[in-house]
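# Coordinate inspection notes
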Amino acid sequence: MTTTDESLSPPDRRGRSTDTDPSVRRAVLAPYLLIVGAVLVLLLGMGYPVVWQIITSFQKYGALQQLGGKAPDFVGLDNYIAIAQDGTFWAVTFRSVLFCLVTAFATIVVGVLLALLMTKVHAAARFTLQIALLLAWAMPVIAAMTVFIWLFNRQRGVVNYLLSMIPGVDMKGFNWIGTTPLLFFVVASIIIIWMSVPFVAFSAYAGLTQVSGEVLEASQLDGASAVQRFRFIVFPVIKPVIAIVLLLNLIWDLRVFAQITLLQDAGPKSTDYDLLGTYIYKTGVAGLDFGAGAAMSIFVLALTIALSWFYVRSLIKEEGK
Amino acid sequence: MTVTATRPAVVKSAGRVAVSADGSRIPIRRRKLRLGTLLLSILALFIAVVWAFPVYWMVNSSMLSTATLESSTPTFFPVGGSLSNFERVLTPSFFSALAVSVGVTLLSVAVCLTFAFLASIAISRFKFRGRVSFIVTILLIQMLPAEGLFIAQYKMMASFGLLSNVLGLSILYVAAVVPFTIWMLRGFVAGVPAELEEAGMIDGLSRTQAFVRITLPLLAPGLVASGVFAFLQCWNEFTVALVIMENNRTLPLWLRGFVQQSATQAIDWGQVMAASTIVAIPVIIFFVIVQGRMTSGLVAGAVKG
């Protein structure tokens, strides 16, 4: 933090001639010139769509308006009132939040446990595990989804085959993704955890390598238990890493779209199998109601900000120092 | 810092006497530890096998004939397998999708890195009005639900005449990836002490010269790390491309088209897995080579802030 102030001041402190007008003005303008590219592309690629989205959420923008027959009218909060009275929407929202919390926390727990495991095992085992995690991490979403749909295939999927080898279990022809929504989301959750654990594990492991071995050893000699060492020495060091990966996973898991869409491609398409992403898509794009879709997106945006509020607030405080 | 702060608490619960008084305990402890390490190593290897299995299964299936895949018993090793699925999959449509993906990705990564690099310098080396708002905004932008924005993005690109256009898709990719790239890079910039630059300036370099000759080389690993991250995001992106690129498909769309095409008939899993392998393997190899830098970059961003 201190570097921020020092980088600007030293030339002046050392009495060099930077006090002349042009260079002072340049120093004041410099940061703005540096961010202008990023700001412009963000305004174009994100700002404009968000503003459009907000405006549209207050409009009646259905099939008629989309085909150009009629200009969209402003209808105030009608779209928001409509979605507030939509029972399916609330069911989908509840399901999405639950899915997001369970999946994100499970990802973090498994990821941190694997990172701790990496610090405790033989180098060869660690290397093998890291390679395996890298393979999963680097898989493009589409490729990974296609493979998992093949693994869980009811007739010839290897999951059913392997489970059926357990004595007394017969899973032949069992339909994982089409039987109940609960099972569908368990499968979706497993796939997402498989994809996102490597990122968490590597980040946590990199954080763990910053824990001082000497301090750990000293505390061990002093009689601290493994739990105590984790709580008082290891955890404080990796806490910032865990905070940011938890936040990112919450955000990603709340708006999962590609995974659910592709699973639905291979299975049931009813709204019982929807999360917010797919429900918005069905309402806004497939259902031709841009207005309602936009209102739902704004709602999801607010929900995301609520979920991450503590992190953002602490960040603002820290940056403001 | 936190480590030293918590240390007294641990020292208080010390059992120093037990260890220093009874030297014979230490070897026993060590042997126990070694057995523990062995058991944990076996566990780690088991987890590795389970975790890598889907990727193995993709490659394995891609080399098997349709008849073998249709049998009721899975074939676990591609004995007698062939590469004929790959031959059937490498059609002109693959190469045109490859060209689109390469074009979009290179353009997006180059522009994204340039913008993000400059912005990260601004937020970690300058204090300016609006700095905190800028940082919070780039954090918030990452939370925008993409599936809510693509209707607007589609309408925007249609009005610019940039639908199915590499430039149009690149603009959206840069906007989507630039926030996280700034986030990663600022950790690296903060990790290079400004004092080094000052020393260079005392030695007579100008501010710009000091930056280019001293700071920039130290930032190279960070640029590589964030470049890889941006590359993967653009290369693997699916949703926005699905909406914007109606008749100029990227590789992920090509892969989905494969599954869809097969959906009308019985799915030819051998071909589907060969297509998945072609899309995934180059990414995996590239990624395995450079990942260490990426993770350390992320941690730098989170820890050093």
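Owing to the predicted nature of the structure, the values given are computational and were not obtained by experimental measurement.

What follows deals with the overall build of chain A. Secondary structure assignment for chain A yields 16 helices and two strands. At 26 Å, chain A has a C-alpha radius of gyration far larger than the 20 Å of a compact globule built from 321 residues. Dimensions of chain A, computed from C-alpha atoms along their principal axes, come out at roughly 75 × 65 × 30 Å. Burial statistics for chain A: of 321 residues in total, 50% are counted as buried. For chain A, long-range pairs separated by at least 24 residues make up 65% of all intrachain contacts whose partners lie at least 6 apart in sequence. Accessible surface computed for chain A: about 14800 Å², of which carbon and sulfur atoms make up 68%. Mean positive and mean negative side-chain charge positions of chain A (22 and 19 charges, respectively) differ by 5 Å.

Helix and strand counts for chain B come out as 14 helices and zero strands. If you list the helices and strands of chain B from N to C, you get α-α-α-α-α-α-α-α-α-α-α-α-α-α. Relative to all contacts within chain B whose residues are 6 or more apart in sequence, the contacts with residues 24 or more apart total 73%. Surface exposure of chain B reaches about 13900 Å², of which carbon and sulfur atoms provide 68%.

The next subject is the packing of helix H6 (residues 87-120) of chain A against helix H7 (residues 123-138) of chain A. Residue and element names in this part refer to chain A. Close contact between H6 and H7 brings their axes to 9 Å; oriented N to C, the two are set at 150 degrees. One finds that H6 runs roughly antiparallel with respect to H7. Each of Leu114, Leu117 and Met118 in H6 lies in contact with H7, whose residues at this interface are Arg126, Leu129, Gln130 and Leu133.

In this section: the environment of A:Ile108. All names here are of chain A. Following the sequence through the fold, isoleucine 108 ends up in helix H6. Given a relative accessible area of 8%, isoleucine 108 falls into the buried group. Expressed as a C-alpha distance, the spacing of isoleucine 108 and isoleucine 193, which sit 85 residues apart in the sequence, is 9.0 Å. Apart from the residues within four sequence positions on either side, isoleucine 108 is in contact with Val200, Ile242, Val245, Leu246 and Asn249.

With respect to the helices and strands, A:Val147 occurs in helix H8 (residues 141-151). If we skip the residues at most four places from it in the chain, A:Val147 touches A:Met139, B:Pro54, B:Met58 and B:Met273.

Attention shifts here to unusual backbone geometry. With a phi close to 55 degrees, B:Ser164 is a non-glycine residue in the positive phi region. Note that B:Ser164 resides in the loop between helix H8 (146-160) and helix H9 (166-191).

Looking now at the nonpolar core. Within soluble globular proteins, side chains that are nonpolar generally end up buried alongside one another. In this structure, A:Met139, A:Trp194, B:Trp51, B:Ile182 and B:Trp254 are the most contacted members of the largest nonpolar core, which totals 175 residues. For this core, the element with the highest residue contribution is helix H10 (residues 181-208) of chain A, accounting for 17 residues. Other than its neighbours up to four places away in sequence, B:Trp254 contacts B:Val89, B:Ser93, B:Phe94, B:Ala97, B:Arg249, B:Ala275 and B:Val279.

Attention now goes to the confidence of the model for chain B. Residues and elements named next belong to chain B. Averaged over every residue, the pLDDT of chain B is 80; the share at 70 or more is 80%. Here helix H1 (residues 2-12) stands out as the least confident element of chain B, with mean pLDDT 35; helix H6 (residues 92-125) is the most confident, with 94. Below a pLDDT of 50 lies the segment residues 1-28, which in the model reaches 26 contacts outside its immediate sequence neighbourhood of four places, other chains included.

A few words now on a nonpolar patch on the surface. On the surface, a cluster of nonpolar side chains totalling about 410 Å² of accessible area is made up of B:Leu35, B:Leu38, B:Leu39 and B:Ile42. Here B:Ile42 lies in helix H3 (residues 25-62).

The interface is formed by 118 residues belonging to chain A together with 112 residues belonging to chain B. Between chain A and chain B, the buried area comes to about 10200 Å², and carbon and sulfur atoms account for 76% of it. Taken together, the links from chain A to chain B amount to seven residue pairs in polar contact (both at pLDDT 80 or more). Classifying every residue of the side of chain A that touches chain B by side-chain character gives 83 nonpolar, 24 polar and 11 charged.

With that settled, the discussion passes to the packing of helix H10 (residues 194-202) of chain B against helix H11 (residues 207-236) of chain B. All names here are of chain B. At a closest axis distance of 9 Å, the pairing of H10 and H11 adopts a crossing angle of 140 degrees. Judged on the interaxial angle alone, H11 and H10 are oblique. For H10 against H11, the interelement crossing comes out right-handed. The residues of H11 that touch H10, namely those facing Leu196, Glu197, Gly200 and Met201, are Arg207, Ala210, Phe211, Ile214, Thr215 and Leu218.

Attention now goes to the confidence of the model for chain A. For chain A, the mean per-residue pLDDT works out to 84, and 91% of the residues sit at or above 70. Confidence drops under pLDDT 50 across residues 1-20 of chain A; counting only partners more than four residues distant or on other chains, this segment forms 32 contacts.

Attention now moves to the state of the cysteines. Enumeration over the complete set of coordinates arrives at zero disulfides over all chains. Of all cysteine sulfurs, the one in B:Cys112 lies closest to B:Cys234, which takes part in no disulfide; the gap is 6.8 Å.

Thresholds, definitions, all that
- Residues numbered from 1 in each chain as written.
- Chains lettered and ligands numbered in written order.
- Predicted model: local features only at pLDDT ≥ 70, side-chain atom pairs only at ≥ 80, totals over all residues.
- Heavy atoms only, no water.
- Helix = DSSP H or I, 4+ residues; strand = E, 2+ residues; numbered from the N terminus.
- Rg over C-alpha atoms; globule rule 2.2 N^0.38 Å.
- Buried < 20%, exposed > 50% of the residue type's maximum accessible area, 1.4 Å probe, protein only.
- Contact = heavy atoms within 4.5 Å.
- Areas by Shrake-Rupley, 256 points an atom, 1.4 Å probe, with all protein chains shown as cover.
- Lys, Arg positive; Asp, Glu negative; His and termini not counted.
- Charge placed at Lys NZ, Arg CZ, Asp CG, Glu CD.
- Axes fitted to C-alpha atoms, helices over the stretch in contact; angles between N-to-C directions.
- Parallel < 35°, antiparallel > 145°, perpendicular 65-115°, else oblique.
- Core = buried A, V, L, I, M, F, W, Y, C linked by side-chain atoms within 4.5 Å.
- pLDDT = per-residue confidence, 0-100.
- Patch = residues over 30% accessible without salt bridge, like charges linked within 9 Å, V, L, I, M, F, W, Y side chains within 5 Å.
- Salt bridge = Lys/Arg side-chain N within 4 Å of Asp/Glu carboxyl O.
- Buried area = accessible area lost by both parts, 1.4 Å probe.
- Polar contact = N/O pair within 3.5 Å; in protein donor to acceptor, adjacent residues only side chain to side chain.
- Nonpolar A, V, L, I, M, F, W, Y, C, P; charged D, E, K, R; others polar.
- Left-handed = near helix turned anticlockwise from the far one by under 90°.
- Disulfide = S-S within 2.5 Å.

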